[in-house]
Every structure is written in structure tokens, then in C-alpha cells.
Amino acid sequence: MSTVRLRGGRVIDPTNGVDSDLRDVCMRNGRIVAMAAGEKADHDIDATGCIVLAGGIDMHTHIGGGKVNLARMLLPEDHRAGGNPIARPDNLLELASCGTCTPGTLATGYRYVEMGYTAAFEPAMVPANARHTHMEMGDVPILDHGAYVMLGNDELFLRMLAEREDFQRIRDYMGWTIHASKAMGVKVVNPGGISAFKFNQRKLDVDENHVHWQVTPRHVVHTLARALRELGVPHPLHIHGSNLGVAGNIQSTLDTINALDGLPGHLTHIQFHVYGTEGPKKFSSAALQLAEAVNANKNISIDVGQIMFGQTVTASGDTMRQHANADLGSPRKWIGADIECDAGCGVVPFRYRQQSFVNALQWAIGLEIFLLVDDPWRVVLTTDHPNGGPFTSYPHLIRLLMDRSFREEQLARLHPDVAANAALKSITRELSLYEIAVMTRAAPAKLLGLKDRGHLGIGAAADIAVYREQADREAMFTTPDYVFKDGTLVARAGRITAVPTGGTHFVAPDFDRSIEPILRKHWATHGSVHFDHVAIGRDELCSCCHGGRLLPTACFEGAS
Ligand SMILES: [Zn+2]
Ligand SMILES: [Zn+2]
């Protein structure tokens, strides 16, 4: 097999403690290999003046499943924008695909790869809809992918909890669901709240009872987190907390951290959960309180869900909160849905405006969180695509984090009360390239348990992005010079050069199969699919993802 040597770049590889070393990175057979100094490579690429990073990993981005398609259908204008959006691209390797807020599957792959990303994870796969989610992710070219399956609002889980079913049974049910849906982890959305909404509750706080099942979000969160640890699933419970978007929800967020009782937990799109009630508008930043809690609780990791100004669409499993937000939709239309009583779904278009006090403050809060949490290994860079803004805005976000004067210029344009009073004004920290490399590659790989991704050590997958160093970090991160996926050059200076099929990451925890009769009975009574057809087999998964490689991630020895 041919060898490639990237010569003379500045390598930043936080997983291996490498910061800005001038060194060569070599690859063969899709892996990073060691080559002797004098050894000649088949392809020699001059990387002097460049930063060499592992491929980016987006651990929370809505790229597949029912909600994403509903969002596409709800906003035809997003797909109609531009000169001739369905014209054939000038690059013969690309097929026509358009849209910005929720681009088509093909455009999703092309646009991510052009920025140097090589993997993306869909956070909200409904168990009953797992096949569709995998097929849609499989349609995304080049990127590796995986998904977290939603639990904690499904009737069976809540019933088991309410009837004080043996914990082991609940754990086995979760293990089976991960196995059947070929998931990479478990996400809980508004714990118990999506179900409570169907029983006419319009809010559910951490210690409030679900009117029908008489269980609390605290109980739901703790049970799910404990079971994942016992199953040995590397990614901790992915938590979209209670009261998303509600003024004063910082208390629910702190209560959720407390509910974990020291168990590992990942709080997602945390920006939407860090609001106080101070000031004349009774809406304020609680970023400092959140940062103190994250700094003090090493079991907690977060991704931010930064908002970006402009048009987007919010697509969430949180039917309760999306129902409440529907009146704020712009353009004014929305969809709410339920699938098999598994979870929910709400899609609301949104336009974040600089002159809106609330939106401007949300923007400032996201940045404050990035800059106030000490440990970059527990903060992942996301916009919760498309909820806070499209993923294509990442280079702009990176510049905001790395360039204080640029950040201040942007802040000055916002609603005057925010521009004058935001705590962000007094924060001087500028993130380093090393910290950005942690937040966009190394940390997500670590939090997902991916041993051979997110770094450039010998034996790692040759997923590599080479950025020409520029003072304007936005320009730098928009268009890397070279992007390699498993050793194949897939983009060169912003142009796709190859379209290999991405692989599917998933975990396969052990569980007791004697849970199956209970599930069979449940599906026979309540499901629209025969139980024997629910679980996705490995061969089927492979065909769902266009013959892409299956990438099982090892579980750790479960700690019971
Ligand atoms: Zn969410
Ligand atoms: Zn999300």
C-alpha cells in the first residue's frame, strides 16, 4: 500500500500531549504509522506553515432521523435559497444537494469534510425509528457516524420504574435497546417530560412527579446513568435536561447534576439550560454558576449548543418545550409529533436576532460557558446543529473563542443592554489552538470511548486535517489545505477529492437475554412492528450504511 508523509507541519495532538511540535505525520493502509527519517514515502506533502490536527468530531449534530426530514419538509425555502440550488455542482464528484439549516444528506457530508471534520454523531435516535436514522446517516458521504438512542420517556421504561421493577430488568431493557438500535449511547430528553406532556403537563421540574406514572425526572436520570455505567457503555448518559429555554432553569440544571450523585453524565446543549431570572427582563446569564458546578464536579462533561445569529430551525425530541416555543417560530409554522409512544418530536423554525435581548444574551451565555469552564476536556464545541445554528458556522465560533477583539466587536453590535452589561465583556481569555483541538477532536473522542480517533498517535485512524496557519482563525478553519479520511485524501483546499463511504460507530453491551419475553409482549400489545423485526442485525446495519465499515466500540468492565 502506498505511504503518505505530511512533512514539516506543526502538530497539535492533545491526546498524546503534543503541542505544536514540528514533525512529520505518516500514513499507510488508512492508519498513522512511524517512518524512519530517511525512508521515502510514495506521496510527500509539504505541510510547512500548517497546523496538523486529527479530523474533527462533532458529537452532537442532528443529521439523521425523522425530525431532520420533517425540518427539511417544513422549510422548503431553506432548500430553495441560492442561485440554482439544485444545479449540478461543478465538482463531478459531488451530487446535487442543497440547504443550509438542514442540508440534504450529501451536502451534510461535503460541507463537514470541507471544514476538516471526519465524524458526526446524531444525538436523538428514536428506538422505533432507528433503521431510518441509520439509513439517513449512511447516506451522508465520507463521515463516520453513530447515534444515541432516546430512552426515559418511553412507556415501558416509565412503567418499569413506576412499578418498581428490578433494577437489573431495567438495565437489561436498556442494554437490549442499545443492541437493537445499534446505538453509541443513550440520550434522555426532558426526563419524563415528553411523556408527561401527553398527560397534559406543561412543565416538569427535576423533583416534580409525572402525573400518571408518579416518577420524577431525578429518578429517571439516576436510573439511566447508573444502568449505563453497569452496562459499561463508554459514553455517559447524554442529558438534555428539564426546562430547556426557561428563565431560571439553572436550578433545574444544578438539580440534575445533583441527581447524578457522582455518576458520569454529559449535559448537552447546556447553553439552553443556564438562565437566571435577574434584571429588569427577569432573564439573565447563569454561566458563572454553571461553570463553578462543572469545575467542581469532575463527573460532568458538557457541550455548549452555541447560538449563531440568522435563520435556522430547531428540531428537538422535547415536544413539551417545542410546544411552548411554537409561538416564537419564524417563519411561523411548526410540527409536533410522537412515534410509537417512544419519545416525541417538535420542529420550530427560528431566526436568532442580534437586536433581540434574549437572543443576544443567549449568544453571550454560550461564549461565557466556553470561557469560564477550566477544563477543555469536558467542554465540546457544538451549536447543537441546527438548533443553535448550522454546523457551517463553526469556523466563526472558533474565531470568537480565540480572538478577544473580534469577540468584542461582535458584542458591541448586539442589543444595547447585553452589549453594555454582559459578563462576557470582562472575560479576557482567548482559547489556544491546543484548547480548540481538545474541544473539537480529542475530548469528543475520549467522551465517546473512541480509542483510535481524535488523535494522531501511531496506529490511530488516519483522519487528519491540515490547516494553513492564518491570523484570521475563521478563514483558517473554514478551508483546510488537506483533509484525509482513513488515509484517503478527501478534500483539497475546500474541494472534495474523493467520496468514500463512512463507517458506523456503535456499542454492544452485554445484557441478560431473558428480558426478551417482556419486550415481546410489550411490542405485541403496543407496537406497530413485530418484535422479531425490531432489532437491526449487523448485516442489515452494514447495508443501511451503504456497505460502510462497522466500528464497534469496546465497552468497559461494567461497574455494579
Ligand atoms: Zn436535545
Ligand atoms: Zn440536539
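Residues numbered from 1 in each chain as written. Chains lettered and ligands numbered in written order. Predicted model: local features only at pLDDT ≥ 70, side-chain atom pairs only at ≥ 80, totals over all residues. Heavy atoms only, no water.

Draft legend 1. View of the overall build of the protein chain. Helix and strand counts for the protein chain come out as 19 helices and 24 strands. By the burial criterion, 61% of the 560 residues in the protein chain qualify as buried. Pairs at least 24 apart in sequence give 76% of the contacts found in the protein chain among residues at least 6 apart. Once the 54 positive and 62 negative side-chain charges of the protein chain are each reduced to a mean point, those two points are 2 Å apart. (Helix = DSSP H or I, 4+ residues; strand = E, 2+ residues; numbered from the N terminus. Buried < 20%, exposed > 50% of the residue type's maximum accessible area, 1.4 Å probe, protein only. Contact = heavy atoms within 4.5 Å. Lys, Arg positive; Asp, Glu negative; His and termini not counted. Charge placed at Lys NZ, Arg CZ, Asp CG, Glu CD.)

Draft legend 2. Inspection of helix α3 (residues 105–114) at higher detail. Within α3, 9 of the 10 residues are buried, which leaves it mostly tucked inside the rest of the structure. Among all positions in α3, only Thr-105, Leu-106, Ala-107, Thr-108, Gly-109, Tyr-110, Tyr-112, Val-113 and Glu-114 are buried. Of the residues trailing α3, Gly-116 is marked for its positive phi of about 95 degrees.

Draft legend 3. Here's a closer look at the coordination of the zinc ion (ligand 1). Within the first shell, the zinc ion (ligand 1) binds the protein through Lys-187 (NZ), His-240 (ND1) and His-269 (NE2), at distances of 2.1 to 2.3 Å. The sequence pattern describing where the donors of the zinc ion (ligand 1) fall on their chain is K-x52-H-x28-H. Taken as an interatomic distance, the gap from the zinc ion (ligand 1) to the zinc ion (ligand 2) is 3.6 Å. Pair noted here: Lys-187 is in strand β9 (residues 185–189) and His-240 is in strand β10 (residues 237–240), with a separation of 53 residues, a long-range link. (Donors = N, O, S within 2.8 Å, 3.2 Å for Na, K, Ca; no water.)

Draft legend 4. Molecular detail of the packing of aromatic side chains. By the definition in use, this model includes 10 aromatic pairs. Between Tyr-112 and Phe-391 the ring centres are 3.7 Å apart and the planes differ by 5 degrees, which places this aromatic pair in the stacked class. Taken as a pair, Tyr-112 in helix α3 and Phe-391 in the loop between β18 (379–380) and α13 (394–402) lie far apart in primary sequence, 279 residues in all. Each member of the pair, Tyr-112 as well as Phe-391, is classed as buried. Following the ring pairs from residue to residue traces out a cluster consisting of Tyr-112, Tyr-117, Phe-391 and Tyr-394. (Phe/Tyr/Trp six-rings, centres within 6.5 Å; stacked < 30°, edge-to-face > 60°.)

Draft legend 5. Highlighting the pattern of salt bridges. Enumeration according to the criterion identifies 39 salt bridges in this entry. For Asp-532, the salt bridge is made with Arg-520, and the minimal N-O distance between the two is 2.8 Å. With a gap of 12 residues between them, Asp-532 in the loop between α18 (516–526) and α19 (538–544) and Arg-520 in helix α18 connect regions that are remote in the sequence. Linked through salt bridges whose partners overlap, the residues forming this network are Arg-31, Asp-144, Asp-452, Arg-453, Asp-463, Lys-485, Asp-486 and Arg-549. (Salt bridge = Lys/Arg side-chain N within 4 Å of Asp/Glu carboxyl O.)

Draft legend 6. Expanded view of the environment of Met-137. As for its position among the elements, Met-137 is in helix α4 (residues 130–139). The spacing of Met-137 and Arg-23 is 114 residues in sequence and 35 Å in space, taken between C-alpha atoms. Beyond its immediate stretch of four places on either side in the chain, Met-137 contacts Ile-63, Gly-64, Glu-122, His-145, Gly-146 and Ala-147.

Draft legend 7. Geometry of the coordination of the zinc ion (ligand 2). Of the protein atoms, only His-60 (NE2), His-62 (NE2) and Asp-384 (OD) coordinate the zinc ion (ligand 2), at distances of 2.1 Å. Mapped onto the polypeptide sequence, the residues donating to the zinc ion (ligand 2) form the spacing pattern H-x1-H-x321-D.

Draft legend 8. Summary view of the sheet that holds strand β17 (residues 345–352). With respect to topology, 3 strands assemble into an open sheet ordered β15-β17-β16, the strand pairing being antiparallel. Taken across any chain shown, the strands that pair with only one partner, and hence form the sheet edges, are β15 (310–316) and β16 (335–337). Direction aside, neighbouring strands of the sheet carry axes that sit 20 degrees apart on average. (Pairing = 2+ DSSP bridges. Axes fitted to C-alpha atoms, helices over the stretch in contact; angles between N-to-C directions.)

Draft legend 9. Here's a closer look at the environment of Ala-71. Among the secondary structure elements, Ala-71 is positioned in helix α1 (residues 66–74). Given a relative accessible area of 0%, Ala-71 falls into the buried group. For Ala-71 and Thr-312, which are 241 residues apart along the polypeptide, the C-alpha to C-alpha distance reads 9.9 Å.

Draft legend 10. Focus on the packing of helix α8 (residues 217–231) against helix α9 (residues 250–260). It is at 8 Å that the axes of α8 and α9 come closest, and there the two elements cross at 45 degrees. When the interaxial angle is binned, α8 and α9 end up oblique. The two elements α8 and α9 meet at a crossing, and its hand is right-handed. Where α8 approaches α9, its residues Arg-218, Val-221, His-222 and Ala-225 are matched on the opposing element by Asp-255, Thr-256, Asn-258, Ala-259 and Leu-260. For the contact of α8 with α9, the residue count by class is 4 nonpolar, 3 polar and 2 charged. (Parallel < 35°, antiparallel > 145°, perpendicular 65-115°, else oblique. Left-handed = near helix turned anticlockwise from the far one by under 90°. Nonpolar A, V, L, I, M, F, W, Y, C, P; charged D, E, K, R; others polar.)

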